[in-house]
Amino acid sequence: MIRRQRLAAGVCALLAALAAGIAFPGGAVADETEQAAPKVELVLDVSGSMRTRDIDGGSRMAAAKQAFNEVLDATPEEVRLGIRTLGADYRGNDRKEGCKDTAQLYPVGPLDRTEAKTAVATLAPTGWTPIGPALLKAADDLNGGDGTRRIVLISDGEDTCQPLDPCEVAREIAAKGIGLTIDTLGLVPDAKTRDQLSCIADATGGTYTDVRHKEELSDRVGQLVDRAADPVVTPVATEGAAECAQAPALKSGLYTDREEFGRQRWYKVDVDPGKELRASVSVADDRAVNPDYGVLLRAVTLHGREIVRGEAAGTGRTDVISTGLRYPKPESDDDNAPAETVCLQVTNSFSAAAGVKTTPGLPLELTVDVVDGPSGHHDVAAFGLGRGWWLLGALVLTGFVAGLLWGWLSRWRVAVWRTN
C-alpha cells in the first residue's frame, strides 16, 4: 500500500512539473527591476463638522486620530508617507481665507512614527472644507520620482470653496498623466458628499468607501497604504495624433492618454515578421454621459487598408468600456525583411450629458504587446491548447492502455474464480 501511495505521489509530481513547464516557459522570468519608493499622502478634513459625535459614540475626529495612529504603526518601511490637513487652522468667517486653509502636517518621506503621531495628536476641528485646494497641494507634495503615488482623502462633508470644483481638480490631475490615484473615504456621509467624493475617486481610477465605524476606517486606510507598496506597472503618458502620419511610435507597454468626446486618436507600432501584435484599449466615462456609446479599435496599414478591428458597445450600465485585437505578422523568407508599421486608431462615440464639461477628454488606457507569433497552424487550431496538446494526448493514451489492462486482468480473475 505504501509503495502504491509513493508511486501515485511521484506520478502527480511529474504531471505537475510538466504542467508548470507548459504554463511558465523558461523565457518567462519575473521582472526583478527595483522600483522607486511608493509615496502616499493622507489628506484629512479637520473642519468644524468633524466634532460631530456619531462614530461608535465618539467624534469623527477621534475616530480619524485612532485610525491614523494604527496606520502609522503598520505602514511598510518602503512607503514614503506624508499627512496634509484641510480646515485645521483658520477659525474666522472670511471664505477667501478659509479656502486657503490647507497645510502639510508631516512631509512626504521616510516615516518617523513618533513624530507623525505627535503631529496628529495636536489636531482639533476648526474651519472650512477646501477639498479642491488641498488636492492641488497634495499633488505637488507627491510630485517627482517614478514610484506609485496615492492620495487618501478622508472627509465628512462637501467642499465649501466653490466654484473650484474638486471633481474638476481631480480630472485635471489625472489629465497630467503623472499616474496619481486618489482614493476617498466619507465619514457618515450624506448623499451630496458621497456623490462628490465618488466623482473625485472615479476621475483618477481610485476607490470610494463609506465609513461609519472606527474599525472600518482603520482597516480601509491601512489597506490603501499597503496597496501603494504593491508592485505595479506605471502607465506611460502619451499623446495620440489626429492622423497616423503624425502618430507617436509605441513599443510594448502600458500607455495613458485623453480622448475628446466623439473623436479619434492614432498611434503607430512596428511589427517584425513572425511577431504578433496584441493591443487593447479601455475608455472610462469619468463624468455623466448619455447612454448608448461605443469604442472602436482598428489596426490599419500606412495606406489605410484595415487589417483587423475590435469594438464594444455600452448602454450606461458600466463606467469603463474595453476592446482589443490581435494581428500575427507572417514569417518572411528574407532574413532582412523590414518591420511593418501598423497604425492603431481609437475612436469613441461618447457624448456628454447636459451641462457637463467636455474638457479634459476622457481617460484612455492603451496596452500594446508585440510577442512571438504562432509557430504553426497546429498551435492555433489545437483546441486552444497550443503546445499543451501532447500532454493531453499522453494522458488519454495512458488512460486507454490502463483501461485495457484492467479489463483484461478483471476477466482473467473472473475466469479463474469460475474454474475454482
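Scoring rules and cut-offs
- Residues numbered from 1 in each chain as written.
- Predicted model: local features only at pLDDT ≥ 70, side-chain atom pairs only at ≥ 80, totals over all residues.
- Heavy atoms only, no water.
- Buried < 20%, exposed > 50% of the residue type's maximum accessible area, 1.4 Å probe, protein only.
- Helix = DSSP H or I, 4+ residues; strand = E, 2+ residues; numbered from the N terminus.
- Arc of directions from axis to C-beta.
- Contact = heavy atoms within 4.5 Å.
- Polar contact = N/O pair within 3.5 Å; in protein donor to acceptor, adjacent residues only side chain to side chain.
- Disulfide = S-S within 2.5 Å.
- Pairing = 2+ DSSP bridges.
- Salt bridge = Lys/Arg side-chain N within 4 Å of Asp/Glu carboxyl O.
- 1 Å grid on protein atoms, 1.4 Å probe; cavity = no way out; pocket = protein on both sides within 12 Å on 5 of 7 lines; lining within 4 Å.
- Points joined across faces, edges and corners; volume = space filled by probe spheres on them.
- Nonpolar A, V, L, I, M, F, W, Y, C, P; charged D, E, K, R; others polar.

A. Quick look at helix α4 (residues 113–121). Listed as buried for α4 are A116, A119 and V120. Taken down its axis, α4 places every buried residue within 100° of arc, on the same side. Residues of α4 that are exposed and point over 90 degrees away from its buried face: T114 and A121. Those residues of α4 that are buried lie in contact with α2 (60–74), β4 (80–86) and β5 (102–109). For α4, the N-terminal cap is D112; the gap from its side-chain oxygen to the backbone nitrogen of T114 is 3.2 Å.

B. How the structure looks around the state of the cysteines. Following the criterion strictly, the structure yields 3 disulfides and no others. C99 shares a disulfide with C161; S-S distance 2.0 Å. An S-S torsion of about -105° defines the bridge between C99 and C161 as left-handed. Placement of the pair is C99 in the loop between α3 (95–98) and β5 and C161 in the loop between β6 (149–155) and α6 (166–175), with a sequence separation of 62 residues. In this structure C161 comes out as buried when scored by relative accessible area, which is 5%. Sulfur-sulfur distance for the disulfide between C167 and C199 comes to 1.6 Å.

C. Molecular detail of the sheet that holds strand β11 (residues 253–259). Across the sheet, which stays open at both edges, the 5 strands sit in the order β9-β11-β18-β13-β16 with mixed pairing between neighbours. In this open sheet, the two edge strands, each paired with only one partner strand, are β9 (236–237) and β16 (320–328). For strand β13 (residues 275–284) and strand β18 (residues 362–372), the ladder comprises 9 bridges, and the chain directions are antiparallel. Bridging from a neighbouring strand, K275 pairs with D372 of β18.

D. Local environment of the pattern of salt bridges. The full count for this structure, using the stated rule, is 22 salt bridges. Put simply, R194 and D210 hold a salt bridge, and the shortest N to O gap is 3.2 Å. With a gap of 16 residues between them, R194 in helix α7 (residues 191–203) and D210 in strand β8 (residues 208–211) connect regions that are remote in the sequence. The partner of E260 in a salt bridge is R263, and the shortest N-O contact between them spans 3.4 Å. Overlapping salt bridges bring together E168, R171, R258, D286 and R287 as one network.

E. Looking closely at the layout of surface pockets. Computed from the structure, the largest pocket encloses a volume of approximately 1200 Å³. In terms of lining, the largest pocket is formed by 44 residues, of which the most central are T181, T204, G205, T256 and E365. Only β6, α6, β7 (180–187), α7, α8 (214–229), β11, β13 and β18 provide two or more residues apiece to the lining of the largest pocket. Here the lining of the largest pocket is built from residues that sort into 18 nonpolar, 12 polar and 14 charged.

F. Main features of the pairing of β11. Counting buried positions over the 7 residues of β11 gives 6, a clear majority of the element. Direction of pairing for β9 relative to β11: parallel, over a ladder of 2 bridges. Across the sheet, residue V236 finds its bridge partner in β11, namely Y255.

All quantities given are derived from atomic positions and should not be read as evidence of function.
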